[in-house]
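Listed here are the chains, written in short residue letters.
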Amino acid sequence: MLTLLTKTHKNGLISTIALLKCFSQCNIRTVSVMKKPIIMRTNDIPKQKILSRCSPGFVSCSWYSSLPGGDDDSSSAGDDISSNPDNGDGSDQPVTIFSGSPPSGALSTTTIPDRFPHVPLLAVNRNPVFPRFIKMIEVKDVRLVELIRRKVNLSMPYAGVFVKKNDNNENEVVEDISEVYDIGTFVQIHEMVDMGDKLRMIVMGHRRIKLTGALLLENDENTEIENLKQSEWVEVEKTPTTSEEIHAKIPNVTESAVLMVETENVQAADVEITEEIKALTAEVVKTIRDIIALNPLYRESVAQIIQAGQRVVDNPVYLSDMGAALSGAETSCLQDVLEEMDIRERLYKSLSLLKKEYEVSKLQQRLGREVEEKVKTTHRKYMLQEQLKIIKKELGLEKDDKDAIEDRFRGRLKDLVVPSHVMEVIEEEINKLGFLDNHSSEFNVTRNYLDWLTSLPWGKPSKDNMDLQIALNILEEDHYGMDDVKKRILEFIAIGHLRKSTQGKILCFYGPPGVGKTSIARSIARALGREYFRFSVGGMTDIAEIKGHRRTYVGAMPGKIIQCLKKTKTENPLILIDEVDKMGRGYQGDPSSALLELLDPEQNQNFLDHYLDVPIDLSKVLFICTANDPSPIPEALRDRMEMIEVSGYVAQEKLSIAKKYLVPQTENMCGLSKAETQIEDTAIEAIIKNYCRESGVRNLLKHIEKIYRKAALDIVNKKEKQIIIKPENLEGYIGKPLFTSERMYDITPPGVIMGLAWTSLGGSSLFVECCEKRPRDPPAADGKVRDSSFELTGRLGEVMKESARIAITFAGNYMREREPGNQFFNGCHLHIHVPEGATPKDGPSAGCTIVSSLISLAKGTSVKNNVAMTGEISLTGKVLPVGGIKEKTLAAKRASVTCLILPSENKKDYTDLPSFITEGLNTHFVSHYSEIYDILFPVE
């Protein structure tokens, strides 16, 4: 039994009657006509004959091995066709033997037309289709799918494959033929699988064609119909299916979409087999064989041409195409070979592409071999390790991974005194570790957590040095001066000796930079015999740096304090927290607030890190903090620390430090000896006086290093054998002096007084200048006092501006009381200036100085030379205390001051100064400004 399914075309030329005429010529015994399928009985008629006489509009044909109640036709099944197995219910399934529409089929044509100008346009990317090569193409565009279906149904399974010029163009239908190259390939569709929304085709190239123009789809349809009219089929009446219904199923084709193109055949001229052609052919064959030897995957491409029945080796035309098809060159190179009509040039181009492909194949083979060897080695080692692990486990020489990890953790705790609440957490985590998979993320988190818990020095302190003399010798050996710091450390050791135990404290050293705050902490740790750990909090904005991260975060770690305990392996180290006055504040929190728990003696016994989440005792840790200016430190944090001021050094101290520490250190660093380079004490004093007047010694060290570097250069160049640095040749090494005089005025005019100021870099002297801006207003007729006006300059801060206002008010009242006849402040216009306007100045300690400057201007009398003062003034004239007495005294000494005026309440600070600082100073302690007036303007 044969079932034929037909499809009526647009003009109704192919109909059931036409098919019946075909079958009548095939000796069909019985034909039954139904509305949908046509079922015919055949009498041992070969299926090939039926197929050859069927219409081109034939859609599908199924062969049944038997019919219910009929004769058995299984004997006429043919050689290439097999029946489907029975489906279990007594009926046979059809076998599709030829199809041009869904679901799949194989298309064949006995002869390929020599000229076929109108073909569908298949635009592909990257690789063109060379003649005698097969390529699989998928079409998803609905317009192109319908066109190809109709072409196949009309037994015209031909198309033109052209390569798009832009490799990034993914459109299947081009809008302009200029988007593709002119030279393409005429292909035959061998097989086609219709998947409904797309077509999958196997095409084979036959010859080169040239694109000459685009065609509209409607014109192409008319051409097909005309061809059908000229065929042997007779016209019949139209079926009920109208052309409008047919067009409703086919999308509209716009003029911008090129579906059909007009082409013409192009072919190379007959090639003459010369010796050059033979040599090129042999070289191409050799290169192809070399490539196949390197990469067997190329055998499939070669096999396609061989299966096509071509003698590739003997035909240079096919050989040149094969060489280009085998290479993975760029699109332009492959298209160049396709467009080349001269066989000799085509062979040269193909050979060039093959040579490049051969070199790439060799490189890939070498890389692949190296990778394979590496993988084999790694795999072999892994297999051997796993075998060794199993053998050791069987012999009892090694435990499982989890058992080994657990034993390692418990081994760490053997010699430690772990608190009970911490031991409970450790046991719980170890038990949880036994139930987790080794490759899970939770396993790694738990293992890291246990690693930190068992690495801390629980109950393992270091032994403190209780010998006061040894500690004092170490401190004196490392640092000069710093008596307050050294006394405090000796007190700490003495208390620990009496109590037979140590208790950590929190010390804060503050002072100008370069005075040794950070380096003294290391000396203290060496004197106490404790481990030393330093971390800086300058610019820190994340509290997790101090208190750690939560374990739920990726890459979580404990804070710096827990890292310190793990590194030092003691529970009582000395921890230096540097630059506490420069902490920042960000969206991660306020680190200064996080330090409160850490530095509070009442809270750090149970310090809680976010990562460990168990209380840690930090009461035995000695915390030392450093700062340049204590004012930015929050009051709550400053309250938990013991503030110790580390003031600057005077010239004598700097000289001693340079001779004892800086010069030997520089000699060792530069590789010089005293026999080669010497620096006299007078030269060091000149450096301190003219180059390095700051409080610290860091800048002094830089200048000494600069001298020794230049001296080393002169010695290496054999200019001198011995260099002695004197004040006379000092400028040749470090340049001109930076400071020529500390004082702006040798003799102060009326209205100018020297004051003293404190800065973060140490003390400095400054002058306060006052003058009349314009003449005073004339006295009032009624004798009333006119208001005075004033102007302030010199980048004064708000506090200093307030001191100036207070000083003007008090000076006017005091002069009217002391000298009633002096009417200077009656309608005067003053200008008060503090030189060095680029330097900001602020603070209340300039009140006495401004008052003295105003009174000196009002009296028109200069004060004594070499007089300096400091102190805050009130409206009633009371002199209030100020800070920075040591720095201000040092500044007065540098300015060659002989008479110093200080508030009486600062006498205790002045008496604590070393004698070499106060030597040569006539110091007056005052409580009211009247005492200052008597000193500045004595009665003759």
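Computed from a prediction, not measured in an experiment: that's the story for all the values here.

A. Spatial organisation of the overall build of the chain. Looking only at helices and strands, the chain features 30 helices and 30 strands. Sorting the 940 residues of the chain into buried and exposed places 45% on the buried side. Just so you have it, the chain exposes about 48,100 Å², and 50% of that area is on carbon and sulfur atoms.

B. The confidence of the model for the chain, seen in detail. In this model, the chain carries a mean pLDDT of 78, and residues with pLDDT of at least 70 account for 80%. Per-element confidence in the chain ranges from a low mean pLDDT of 31 for strand E5 (residues 95–99) to a high of 94 for strand E28 (residues 879–880). This stretch, residues 1–106, has a pLDDT under 50; its non-local contacts, to residues over four places away or in other chains, come to 186 contacts. Low pLDDT, under 50, characterises residues 219–255; the stretch is placed with 52 contacts to residues that sit more than four places away or in other chains.

C. Quick peek at the packing of aromatic side chains. Under the definition given, this model contains 12 aromatic pairs. When the ring of Tyr-814 is compared with that of Tyr-933, the centres are 5.5 Å apart and the planes differ by 65°; the resulting orientation is edge-to-face. You can see Tyr-814 sitting in helix H25 (residues 798–818) and its partner Tyr-933 sitting in helix H30 (residues 929–936), a full 119 residues away along the chain. By relative accessible area, Tyr-933 is classed as buried at 5%. Ring pairing ties together the aromatic residues Phe-810, Tyr-814, Tyr-929, Tyr-933 and Phe-937, which thus form one cluster. Above the plane of the ring of Phe-937 lies Lys-859, whose end atom (NZ or CZ) is 5.6 Å from the centre.

D. Quick look at the pairing of strand E12 (residues 260–265). Note that strand E7 (residues 118–124) and E12 share three bridges and pair antiparallel. Note on E12: the bridge partner recorded for His-118 is Glu-262. Bridge count between strand E11 (residues 199–215) and E12: six bridges; the pairing is antiparallel. Note that in E12 the partner of Lys-210 across the bridge is Glu-264.

E. Summary view of the nonpolar core. Membership of the largest hydrophobic core comes to 55 residues, with the highest contact counts inside it found for Phe-509, Ile-524, Ile-624, Ile-679 and Ile-687. Per element, the largest residue contribution to this core is eight residues, and it comes from helix H23 (residues 698–716). Residues in contact with Ile-624, not counting those within four places in the same chain, are Leu-507, Phe-509, Ala-521, Ile-524, Leu-574, Ile-575, Leu-576 and Ile-577.

F. Structural view of the packing of helix H21 (residues 651–670) against helix H22 (residues 681–690). The contact between H21 and H22 brings their axes to 10 Å, and the two run at 120°. On the basis of the axis angle, H21 is oblique to H22. The way H21 lies across H22 gives a crossing that is right-handed. Seen from H21, the contacting residues are Ala-651, Lys-654, Leu-655, Ala-658, Lys-659 and Val-663; seen from H22, they are Asp-681, Ile-684, Glu-685 and Ile-688. Taken together, the residues that form the contact of H21 with H22 break down as six nonpolar, no polar and four charged.

G. Quick look at the environment of Ala-594. Relative to the helices and strands, Ala-594 is located in helix H19 (residues 591–599). Accessibility expressed as a relative area gives 9% for Ala-594, which makes it buried. Along the primary structure Ala-594 and Asp-542 are separated by 52 residues, whereas in three dimensions their C-alpha atoms are 9.6 Å apart. Setting aside residues no more than four positions away along its own chain, Ala-594 makes contact with Ile-543, Ile-546 and Lys-547.

H. Structural context of unusual backbone geometry. With a phi close to 60°, Glu-579 is a non-glycine residue in the positive phi region. Inspection of the secondary structure assignment puts Glu-579 in the loop between strand E15 (574–578) and H19. Even without a glycine there, the phi angle at Ser-896 is positive, about 60°. Considering the arrangement of structural elements, one finds Ser-896 in the loop between helix H27 (885–894) and strand E29 (899–903).

I. Main features of the sheet that holds strand E13 (residues 506–510). Reading across from one edge, E14-E15-E18-E13-E19 is the order of the five strands in this open sheet, with parallel pairing throughout. The open sheet has two edge strands with one neighbour each: strand E14 (532–536) and strand E19 (642–645). Neighbour-to-neighbour, the strand axes of this sheet turn through a mean angle of 20°, independent of strand direction. By the bridge criterion, four bridges tie E15 to strand E18 (residues 622–627) in an arrangement that is parallel. Looking across to E18, one finds that Leu-574 is bridged to Leu-622. Against the sheet, helix H15 (residues 483–499) makes contact with E13, E18 and E19, and its axis sits at roughly 145° relative to E19, the strand it touches most.

J. Region of interest: the pairing of E11. The buried count for E11 comes to 12 of 17 residues, which makes it a mostly enclosed element. Sheet analysis places strand E8 (residues 134–139) next to E11, joined by six bridges and oriented antiparallel. Among the inter-strand pairings, Lys-135 is bridged to a residue of E11, identified as Val-203. Direction of pairing for strand E10 (residues 183–194) relative to E11: antiparallel, over a ladder of 11 bridges. Directly across from Val-193, in E11, lies its bridge partner Arg-200. Following E10, the chain reverses through four residues before pairing antiparallel with E11; Gly-196 in that reversal takes a positive phi of roughly 90°.

K. Representation of the pattern of salt bridges in the model. A full pass over the atoms with the stated rule returns 37 salt bridges. Of the charged contacts, one joins Glu-429 and Lys-432 as a salt bridge, the two residues approaching to 3.4 Å between their closest N and O atoms. Of this pair, Glu-429 and Lys-432 are both found in helix H12 (residues 420–435), three residues apart, which corresponds to roughly one turn of the helix. A residue is classified by how much of its surface remains accessible, and Glu-429, at 9% relative accessible area, is buried. We classify Lys-432 as partly exposed; its relative accessible area is 32%.

L. The side chain of Lys-841, seen in detail. Mapped onto the elements, Lys-841 comes out in the loop between strand E25 (829–833) and helix H26 (847–859). Given the relative accessible area of 10%, Lys-841 is considered buried. A distance of 2.9 Å separates the side chain of Lys-841 from the backbone oxygen of Gly-794, its partner in a polar contact.

M. Layout of the environment of Thr-861. Note on placement: Thr-861 falls in the loop between H26 and strand E26 (867–869). Taking the relative accessible area as the measure of exposure, Thr-861 reaches 34% and is therefore partly exposed. Sequence separation of Thr-861 and Phe-937 is 76 residues, and the distance between their C-alpha atoms is 8.4 Å. Setting aside anything within four residues of it in sequence, one finds Thr-861 in contact with Pro-750, Ser-856 and Phe-937.

N. Representation of the environment of Ala-268 within the structure. For Ala-268, the position within the fold is in the loop between E12 and helix H6 (275–294). Classification of Ala-268 as partly exposed rests on a relative accessible area of 22%. Apart from the residues within four sequence positions on either side, Ala-268 is in contact with Met-341, Ile-343 and Arg-346.

O. Representation of the side chain of Ser-874 within the structure. Note on placement: Ser-874 falls in the loop between strand E27 (872–873) and E28. Here Lys-878 takes part through its backbone nitrogen, which lies 3.0 Å from a polar atom of the side chain of Ser-874. Discounting chain neighbours no more than four positions away, the residues touching Ser-874 are Ile-806 and Phe-810.

P. A look at helix H18 (residues 560–568). Within the span of H18, buried status applies to Ile-561, Ile-562, Cys-564, Leu-565 and Thr-568. Each buried residue of H18 sits inside an arc of 155° when the element is viewed along its axis, so together they form one side. Lys-569 occupies a position one or two residues after H18 and carries a positive phi of about 60°.

About the thresholds
- Residues numbered from 1 in each chain as written.
- Predicted model: local features only at pLDDT ≥ 70, side-chain atom pairs only at ≥ 80, totals over all residues.
- Heavy atoms only, no water.
- Helix = DSSP H or I, 4+ residues; strand = E, 2+ residues; numbered from the N terminus.
- Buried < 20%, exposed > 50% of the residue type's maximum accessible area, 1.4 Å probe, protein only.
- Areas by Shrake-Rupley, 256 points an atom, 1.4 Å probe, with all protein chains shown as cover.
- pLDDT = per-residue confidence, 0-100.
- Contact = heavy atoms within 4.5 Å.
- Phe/Tyr/Trp six-rings, centres within 6.5 Å; stacked < 30°, edge-to-face > 60°.
- Lys NZ or Arg CZ within 6 Å of the ring centre and 35° of its normal.
- Pairing = 2+ DSSP bridges.
- Core = buried A, V, L, I, M, F, W, Y, C linked by side-chain atoms within 4.5 Å.
- Axes fitted to C-alpha atoms, helices over the stretch in contact; angles between N-to-C directions.
- Parallel < 35°, antiparallel > 145°, perpendicular 65-115°, else oblique.
- Left-handed = near helix turned anticlockwise from the far one by under 90°.
- Nonpolar A, V, L, I, M, F, W, Y, C, P; charged D, E, K, R; others polar.
- Salt bridge = Lys/Arg side-chain N within 4 Å of Asp/Glu carboxyl O.
- Polar contact = N/O pair within 3.5 Å; in protein donor to acceptor, adjacent residues only side chain to side chain.
- Arc of directions from axis to C-beta.

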